[in-house]
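# Residue-level structural notes
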Amino acid sequence: MSGPLDVLLRPFAVRREEAASAGLLAAYFFLAMSCVTTIKALQFSSFLKDVGVGWKLPVVYLMSAVVCVPIVLLFRVLARRYSHVGVASVTLLFFFVTLVAAHVGRPATPRLWFSFAFFLWSSIFCLLLPTLGWIISYDLYTTREGKRVFGLFGMGGIVGGASGAFWTYLFAERLGNAGLAIQTLFLLIVLQGILALIYQSNRTRFTLHGAKSQASYRGSGLGLRAARPGSAYLRNIGSLVLVSAAVSTLIDLQYLWFLDQRFSAPGVTVLRSSAEEVATFLGGLLAVMYVISGVIQVSTTGPLLRRFGVQAALILLPLTLLVGAGVAFVAAAFWAAVGLRAADGSLKSSVQRTALEILYVPQAGPRTASFRSFIDLVVNRTGDSAGAVFFLLALQLPSPARVMPLVLVGLTAVALLLAVRLGKGYLENLRGSLQRSGLERRQDLQEASVNPETTLANLQSSDRLRLRLAMEQLAGHPGAQRETVVAPIGEEMLETHISGLYRRPPSWLDSVVSLTRHPDPHTAAAAFHVLVREDPVTYMRELRQALASDSLPQMVHLAYLETYFDRPETLVRPPQMLGWCQHVPPAGQAILARIMGRTQDRAYLPVLRQWLLSDDAELRRGAIEALGRFAEPRFWNILVGFLVDSKTRQAARRALACYGDQAVENLLNLLHDPEADIRVKQEIPLVLGRIKSSSARSALLIALYWPDAVVSFRALKMFNKTRASHDLSYSEASFLPVLMQWARQYYQTANLFTVARRKQSAAWKLLRKAAEERCSWSVEKIFRTLELFLPRGDAYLSYLAIQGDRKQLRDNAIELIELRLKGEIKQALLPIFAVNETREDEAIAIGRDLFALPSGTPEVLRDGLFFSDSLVQCCIMAVIREEGLVQLKEGVEHVADSAHPLVRETARWALQSLSS
Amino acid sequence: MLTTIEKIFLLQDIDLFARTSTDHLASLAAVAEEKILKEGQTLFQAGDPADTLYALVDGRMRLDDEAAPQEVQKSVLDVWSCLARKPHRYTASSLGNCRLLCISAEELLEVLGSEPDLAVALLQQLASEKT
């Protein structure tokens, strides 16, 4: 049920339990920004009336930039040492007392020192008052919570700013500047009260966060040293902020200069109008700006970011100002300056601010946090100073009204270029953050296996796998890559390795020599391979001597020949081999069979065919692989038959793949044959994936769209493998339909999961588990498909990040995929990736709308019964039986003739109960 | 006699299969056979060959070994002996009527051989129980 509160909170995605705290903080921002706009109007109207613009205004800008830095640094030190709520409360008290003092002690006649002091005080007030709110918000909310609730605070601030400005516009002349100051004092008292309420309702969280933040600050000094930008990306952000601040200040001063001209008598810089009149005008303009800003924030920022991305959002402000500055240069009029000020004020605090905040996301971390404060403290103020200096210089030139827009054109052009570069850098940074996390994982694995101590420990291990890994590392080629040992031993080789005679034997040699006597022939062969690599002359001679005799050689030499030697036919002849067959056990015969296959000598065919019938599975596997190497059509059907046996299916896959392109057509025929065994069909993609040809890839595409889930998933896996090994790229359009199919599957099973969520019986429980598994498979399938056409690694690393527990990385992954996808597919997939962030029900609702899925329990079950795989169908029938849903009996009858035995059995079982 | 889907329902409540996917449960259920024991009947004696995996899905059983005897319910009996193909380490007898699902060690190993993910899920669960 949704009440009025829910309706109010929905646009900001604020949850009910967060409503109280979030509401108080939104009220804080409302009142704080209301105070800020009022004080801003007072600040400028007093200064313009008492002092005027001339050179003094830019100078006071420079002074406020200089003064703000130490004050804000001091404030940061206090905030690190003491409770943030306490510091905020004391700061409010300080502002209250000083404003009372200013009100009481204001000189009767305008004094320059007082005007300067009030201007500086106002600058600090306007900077710190909203900052206090943000510091408290960071204490109360995590990043993800912040992403949801900060929009509400921002909106509170914008509405507060607009209200304060409107109030000033309406009542400045009636209340007078003194009245506005008293009103601000009253609001400061209310703000104290709100702070107390926030503290009361979140006492525990403040204690936790306060302790955490103070601990993390300890010893970090002011943090400026750590804030140095470590990358070109951060430097570009800094540059954009610097130029934007300079532009804003110059626009502000230009506008005030025009205002001074408008309200002053010709040739006089002191205002003739009253301060209240100026405050009214300023308040009106601020109000309009805040209203526009609010409208843009609500209506444009989100859609702009979602539809056109961060780059477009970053470009909007400089582009608008560039055009505006061009117009101002031509017109050199007050209205153009007002327009520029309004555009800057409204776009900067909405679109530009949000886009800049997003830029930090891929680089989030302590260094970036420190850099951000550096930006706020130093870069922004430096930009302000630069703007003021530009203004001072422009005033010295003959026509300031044209020079200022000209400078603005230059500055905004620079900002535009920076925005374009940052947009590109943002995407690369998202990729970079994911790649770094991927590299960290890989490094961990490599360090664990390449470490010499681990290798030595592996060498002494009784574990066969560890032994082989160690020996492969010693031989210098880890993994499955197998280099060929050159057979002939000639003078050249002797010369090459003669230096070996003078070398000390390596420390591991004795261990490896003893391993050549290992009972497992393949472990012994791996050890022998290491020895051949170390000393080819000695050990190749030993091998030749062992194989030259008619008597049975040691198994280590045969296993070496089978696994590591490129052309075994140069060392063994059929009569020898056939003679040895009589004297070795089945395991040895399997080794001989594989050697026979590698020689491709037809003399071995009778014995290989005979071994296909052996009771020993290993010998059968050896014979299957050997026969495959001959690629003769007469063996095709025999080898296909071995695909259904779990003990021989891997060997059969290898054997059938040896047929190359001629296998592709046969496999497609099998796939289309309605009589063919489903277990054979399910093996077809795995065979196709082993064939390295374009026709095999075309056949895989057919398998990808095959209705059987196992066939299509295996085809997808094979596509991933071929892309990884061949560095192929596929077109996006080929895979969009299949992506939509996976998305539909996801929403369908998620829909089932939702109806099963709170049910406790065995049937519901099994259905829930099956649906949950299928949702996660659909997600895997989606990412596997994305990996086929997105830049290599993007989808894979994003998948790892989304499955992982690092929130920041997960956000980056979602952001990267969002930027890469377009249109309908983006609309369908994004709720799936962000299902942890959005409400599950909302994601399901999106899926229901997109794919016209039902929502009531019987309808969802009926839908699942027709569109799900066999096991889910069975779970659904069990639920129907258990719940006695007679209205679904027809659906159960429909699947009772299924080819799947489990479905048939379950349907009969369910129907018995429903009929009775 | 239980249908395959009913056997899956029963297997999903056994701790050893907590990490096993529903499809793998179906593979196990397909080769599992039902066995009913009356009160006081002995299922196996210590030293008997462990050639079958017994999942106690309903009722309670008493396990007697050299240490203190213990009662169990909803669990797999002497899984290590079955996987290692060694004799049973204890005697198992029923305390009241019991229902068991039995999978021959040979068939279990064949299923594990063809479904490596199932083997990993079982190993993970066994490891978590050991720790």
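Note that this is a predicted model, so its numbers are computed, not measured.

### A few points about the overall build of chain B
Counting its regular elements, chain B contains 5 helices and 5 strands. The long-range fraction of contacts in chain B, counting pairs at least 24 apart against all pairs at least 6 apart in sequence, stands at 74%. Approximately 6,500 Å² of chain B is accessible, and the part contributed by carbon and sulfur atoms is 46%.

### A short note on a nonpolar patch on the surface
All names here are of chain A. A surface patch of nonpolar side chains, about 450 Å² in accessible area, is lined by Phe166, Tyr169, Leu170, Val291 and Val295. Breaking the nonpolar patch down by element, the ones donating at least two residues are helix 6 (143-201) and helix 9 (275-331). With 3 residues, helix 6 is the largest single contributor of residues to the nonpolar patch. By the secondary structure assignment, Leu170 is in helix 6.

### Comments concerning helix 10 (residues 334-359) of chain A
All names here are of chain A. Relative to the 38 Å expected for 26 residues at 1.5 Å per residue, helix 10 spans 35 Å between its end C-alpha atoms, a close match to the ideal helical length. In helix 10, a bend of some 50° at Lys348 exceeds every other bend along the element. A large share of helix 10 lies buried, amounting to 19 of its 26 residues.

### A word on the packing of helix 36 (residues 857-867) of chain A against helix 37 (residues 870-883) of chain A
All names here are of chain A. The interhelical angle for the contact between helix 36 and helix 37, taken along N-to-C directions, is 145°, at an axis separation of 9 Å. In terms of crossing hand, the pair formed by helix 36 and helix 37 is left-handed. Residues Leu861, Gly864 and Leu865 of helix 36 lie in contact with helix 37, whose contacting residues are Gln873, Ile876, Met877, Val879 and Ile880. Split by residue class, the contact of helix 36 with helix 37 holds 6 nonpolar, 2 polar and no charged.

### A closer look at helix 32 (residues 794-803) of chain A
Most of helix 32 of chain A is tucked away: 7 of the 10 residues are buried. Residues Asp794, Ala795, Leu797, Ser798, Tyr799, Ala801 and Ile802 of chain A constitute the buried set of helix 32 of chain A.

### Some points on the confidence of the model for chain A
Residues and elements named next belong to chain A. Considering every residue of chain A, the mean pLDDT works out to 80; 82% of them sit at 70 or more. Segment residues 211-228 is flagged for pLDDT under 50; beyond a separation of four residues in sequence, or across chains, it makes 25 contacts in the model. Below a pLDDT of 50 lies the segment residues 265-272, which in the model reaches 17 contacts outside its immediate sequence neighbourhood of four places, other chains included.

### Quick notes on a positive patch on the surface
Among the surface-exposed residues, Arg690, Lys692, Lys717 and Lys721 of chain A lie close enough to one another that they form a single positively charged patch. Counting through the fold element by element, Lys721 of chain A comes out in helix 29 (residues 709-726).

### A look at the pattern of salt bridges
Where charged atoms from two side chains of opposite charge approach closely, those side chains can pair. All names here are of chain A. Enumeration according to the criterion identifies 25 salt bridges over all chains in this entry. Notably, a salt bridge pairs Glu625 with Arg654, separated by 2.6 Å at the nearest N-O pair. Here Arg654 lies in helix 25 (residues 649-657) and Glu625 lies in helix 23 (residues 617-630), a separation of 29 residues in the sequence. Using a relative accessible area of 32% as the deciding quantity, one classes Arg654 as partly exposed. Here Glu683 and Arg653 are joined by a salt bridge, their closest N and O atoms 2.5 Å apart. In this pair, Glu683 is assigned in helix 27 (residues 678-688) and Arg653 in helix 25, connecting sequence segments 30 residues apart. Each of the two residues, Glu683 as well as Arg653, counts as buried. Put simply, Glu562, Arg594, Glu618, Arg621, Glu625 and Arg654 are held in one network by salt bridges that share partners.

### Some details on the interface of chain A and chain B
If you look at the interface, chain A gives 20 residues, while chain B gives 18 residues. Between chain A and chain B lies a buried interface of about 1,500 Å² when both sides are counted; carbon and sulfur atoms form 62% of it. On the surface where chain A and chain B come into contact, there are 2 salt bridges. Ionic pairing is found between Asp13 of chain B and Lys765 of chain A, a salt bridge with its closest N-O pair at 2.6 Å. At the junction of chain A with chain B, the criterion picks out 7 residue pairs in polar contact (both at pLDDT 80 or more). Within the residue set of the side of chain A that touches chain B, elements represented by two or more residues are helix 31 (762-789), helix 37 and helix 39 (901-915) of chain A. When residues in the side of chain A that touches chain B are grouped by element, the largest group, 9 residues, is from helix 31 of chain A. Among the residues making up the side of chain A that touches chain B, the classes are represented as 11 nonpolar, 2 polar and 7 charged.

### Observations concerning the pairing of strand 4 (residues 70-77) of chain B
The pairing of strand 3 (residues 52-64) of chain B with strand 4 of chain B spans 7 bridges and is antiparallel. Paired with Ala55 of chain B across the strands is Val76 of chain B, a residue of strand 4 of chain B.

### A closer look at the nonpolar core
One recurring pattern in soluble globular proteins is that nonpolar side chains are buried together. All names here are of chain A. Judged by nonpolar contacts, the single largest core of 195 residues is most densely connected at Ile237, Leu608, Trp611, Leu786, Leu829 and Phe833. The element best represented in this core is helix 8 (residues 232-263), accounting for 16 residues. Sequence-distant contacts of Leu608, defined by excluding residues within four places in its chain, comprise Ala593, Met596, Ala623, Ala626, Leu627 and Phe630.

### Quick notes on the state of the cysteines
Each disulfide is one covalent bond, formed between the sulfur atoms of two cysteines. A complete count under the given rule lists 0 disulfides over all chains for this structure. This cysteine, Cys35 of chain A, is not joined by any disulfide, and Cys126 of chain A carries the nearest cysteine sulfur, 9.6 Å off.

### Focus: the packing of aromatic side chains
All names here are of chain A. Taken as a whole, this structure holds 26 aromatic pairs over all chains when the rule is applied. Pairing Tyr747 with Phe851 gives two aromatic rings, centres 5.8 Å apart and planes at 35°, and the pair type is tilted. Placement of Tyr747 in helix 30 (residues 732-756) and of Phe851 in helix 35 (residues 840-851) is noted, with a sequence separation of 104 residues between them. Given the relative accessible area of 13%, Phe851 is considered buried. When the centroid spacing of 5.3 Å and the interplanar angle of 50° are considered together, the rings of Phe783 and Tyr799 count as tilted. Here Tyr799 lies in helix 32 and Phe783 lies in helix 31, a separation of 16 residues in the sequence. The exposure class of Phe783 is buried, given its relative accessible area of 3%. Ring-pair connections join several aromatic residues into one group, and the members of that group are Phe94, Phe95, Trp113, Phe114, Phe118, Trp121 and Phe125. It is Lys759 that lies over the ring of Trp764; its NZ or CZ is 4.3 Å from the centre.

### A short note on the confidence of the model for chain B
Looking at chain B as a whole, the pLDDT averages 90, with 98% of positions reaching at least 70. Averaged over each element, pLDDT in chain B is lowest for helix 5 (residues 116-130) of chain B (83) and highest for helix 1 (residues 4-12) of chain B (95).

### With respect to the environment of Leu427 of chain A
Relative to the elements of secondary structure, Leu427 of chain A occurs in helix 12 (residues 400-450). Counting along the chain gives 385 residues from Leu427 of chain A to Asn812 of chain A, while the straight-line C-alpha distance between them is 9.7 Å.

### Some words on the packing of helix 33 (residues 807-820) of chain A against helix 34 (residues 823-833) of chain A
Residue and element names in this part refer to chain A. Where helix 33 contacts helix 34, the axes come no closer than 10 Å and their chain directions differ by 175°. Judged by the inter-axis angle, helix 33 sits roughly antiparallel to helix 34. Contact residues: helix 33 offers Ile814, Ile817 and Glu818, while helix 34 offers Lys826, Leu830 and Phe833. In the contact of helix 33 with helix 34, the residues fall into 4 nonpolar, no polar and 2 charged.

### Here we look at a negative patch on the surface
All names here are of chain B. Side chains of Glu33, Glu106, Glu107 and Glu110 sit close together on the surface and give a patch of like negative charge. The leading source of residues in the negative patch is helix 4 (residues 105-114), at 3 residues. Residue placement: Glu33 occurs in strand 1 (residues 33-37).

Thresholds applied
- Residues numbered from 1 in each chain as written.
- Chains lettered and ligands numbered in written order.
- Predicted model: local features only at pLDDT ≥ 70, side-chain atom pairs only at ≥ 80, totals over all residues.
- Heavy atoms only, no water.
- Helix = DSSP H or I, 4+ residues; strand = E, 2+ residues; numbered from the N terminus.
- Contact = heavy atoms within 4.5 Å.
- Areas by Shrake-Rupley, 256 points an atom, 1.4 Å probe, with all protein chains shown as cover.
- Patch = residues over 30% accessible without salt bridge, like charges linked within 9 Å, V, L, I, M, F, W, Y side chains within 5 Å.
- Salt bridge = Lys/Arg side-chain N within 4 Å of Asp/Glu carboxyl O.
- Expected span 1.5 Å × (residues − 1).
- Bend = angle between axes of the 7 residues up to and from the residue.
- Buried < 20%, exposed > 50% of the residue type's maximum accessible area, 1.4 Å probe, protein only.
- Axes fitted to C-alpha atoms, helices over the stretch in contact; angles between N-to-C directions.
- Left-handed = near helix turned anticlockwise from the far one by under 90°.
- Nonpolar A, V, L, I, M, F, W, Y, C, P; charged D, E, K, R; others polar.
- pLDDT = per-residue confidence, 0-100.
- Lys, Arg positive; Asp, Glu negative; His and termini not counted.
- Charge placed at Lys NZ, Arg CZ, Asp CG, Glu CD.
- Buried area = accessible area lost by both parts, 1.4 Å probe.
- Polar contact = N/O pair within 3.5 Å; in protein donor to acceptor, adjacent residues only side chain to side chain.
- Pairing = 2+ DSSP bridges.
- Core = buried A, V, L, I, M, F, W, Y, C linked by side-chain atoms within 4.5 Å.
- Disulfide = S-S within 2.5 Å.
- Phe/Tyr/Trp six-rings, centres within 6.5 Å; stacked < 30°, edge-to-face > 60°.
- Lys NZ or Arg CZ within 6 Å of the ring centre and 35° of its normal.
- Parallel < 35°, antiparallel > 145°, perpendicular 65-115°, else oblique.

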